[in-house]
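One-letter residues, chain by chain:
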Amino acid sequence: MKTNKSFWLCLGATAAVMLLLPWIGHAFSGPTDLMGLAWLLFFAVDPLWAAAVGIFAGIRIKERWSLPFFCALLYVLGAWISFAMGEMDFFLYAGAYLLISLLFMLVSAWIRKKSAKG
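Reading the values: rules and limits
- Residues numbered from 1 in each chain as written.
- Predicted model: local features only at pLDDT ≥ 70, side-chain atom pairs only at ≥ 80, totals over all residues.
- Heavy atoms only, no water.
- Helix = DSSP H or I, 4+ residues; strand = E, 2+ residues; numbered from the N terminus.
- Contact = heavy atoms within 4.5 Å.
- Expected span 1.5 Å × (residues − 1).
- Buried < 20%, exposed > 50% of the residue type's maximum accessible area, 1.4 Å probe, protein only.
- Disulfide = S-S within 2.5 Å.
- Phe/Tyr/Trp six-rings, centres within 6.5 Å; stacked < 30°, edge-to-face > 60°.
- Lys NZ or Arg CZ within 6 Å of the ring centre and 35° of its normal.

## Considering the environment of Met-18
Turning to step 1, where the next piece is worked out: With respect to the element layout, Met-18 can be found in helix 1 (residues 5–28).
Turning to step 2, where the next piece is worked out: When the C-alpha positions of Met-18 and Leu-41 are compared, they lie 9.1 Å apart, and in sequence the two are 23 residues distant.
Turning to step 3, where the next piece is worked out: Once residues within four sequence positions are removed from consideration, Met-18 is found in contact with Asp-46, Trp-49, Cys-71, Leu-74, Tyr-75 and Gly-78.

Structural data, given as structure tokens:
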């Protein structure tokens, strides 16, 4: 598998968003702020990031097809580290983020293929 610098850059940014943001929020906020931060992460930041990763992966799908899977995996690791280790409910969110990423990846690849033809 051929990888390039942009793949590793996206993977590093995904690790920062999915691992560091929950940890920073957990480390530097109080219990009431943490609930609001968790809602913001779970329902705004993480789904938007999953969509962005999917769009980026769809641009060169043969090289970047694994990015959505890394995104979901890093989400689970970040949630376990920051919130509750071993909590299985986070897999539901990871599955939703994986579906979002895969959908955006396929649509992005389809649009790129369609625009290349015509």
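## Digging into helix 5 (residues 90–117)
Turning to step 1, where the next piece is worked out: Compared with the 40 Å implied by 1.5 Å per residue over 28 residues, the 41 Å span of helix 5 between its first and last C-alpha is a close match.
Turning to step 2, where the next piece is worked out: Within helix 5, the full set of buried residues consists of Phe-90, Ala-94, Tyr-97, Ser-101, Met-105, Ser-108 and Ala-109.
Turning to step 3, where the next piece is worked out: Where helix 5 is buried, its residues touch helix 2 (31–59), helix 3 (61–64) and helix 4 (67–82).

## Topic: the state of the cysteines
Turning to step 1, where the next piece is worked out: A complete count under the given rule lists zero disulfides for this structure.
Turning to step 2, where the next piece is worked out: Left without a disulfide partner, Cys-10 is nearest to the cysteine sulfur of Cys-71, which lies 8.1 Å away.
Turning to step 3, where the next piece is worked out: You can call Cys-71 buried: its relative accessible area is 1%.

## Some thoughts on the packing of aromatic side chains
Turning to step 1, where the next piece is worked out: Following the criterion strictly, the structure yields twelve aromatic pairs and no others.
Turning to step 2, where the next piece is worked out: Plain terms: the ring middles of Phe-7 and Trp-8 are 5.2 Å apart, the flat faces sit at 90° to each other, and that makes the pair edge-to-face.
Turning to step 3, where the next piece is worked out: Taking relative accessible area as the criterion, Trp-8 reaches 51% and is therefore assigned exposed.
Turning to step 4, where the next piece is worked out: An aromatic cluster is defined as three or more aromatic residues linked by ring pairs; in this entry it consists of Trp-39, Phe-42, Phe-43, Tyr-75, Phe-90, Tyr-93 and Tyr-97.
Turning to step 5, where the next piece is worked out: Lying over the aromatic face of Phe-56, Arg-64 brings its terminal NZ or CZ to 3.9 Å of the ring centre.

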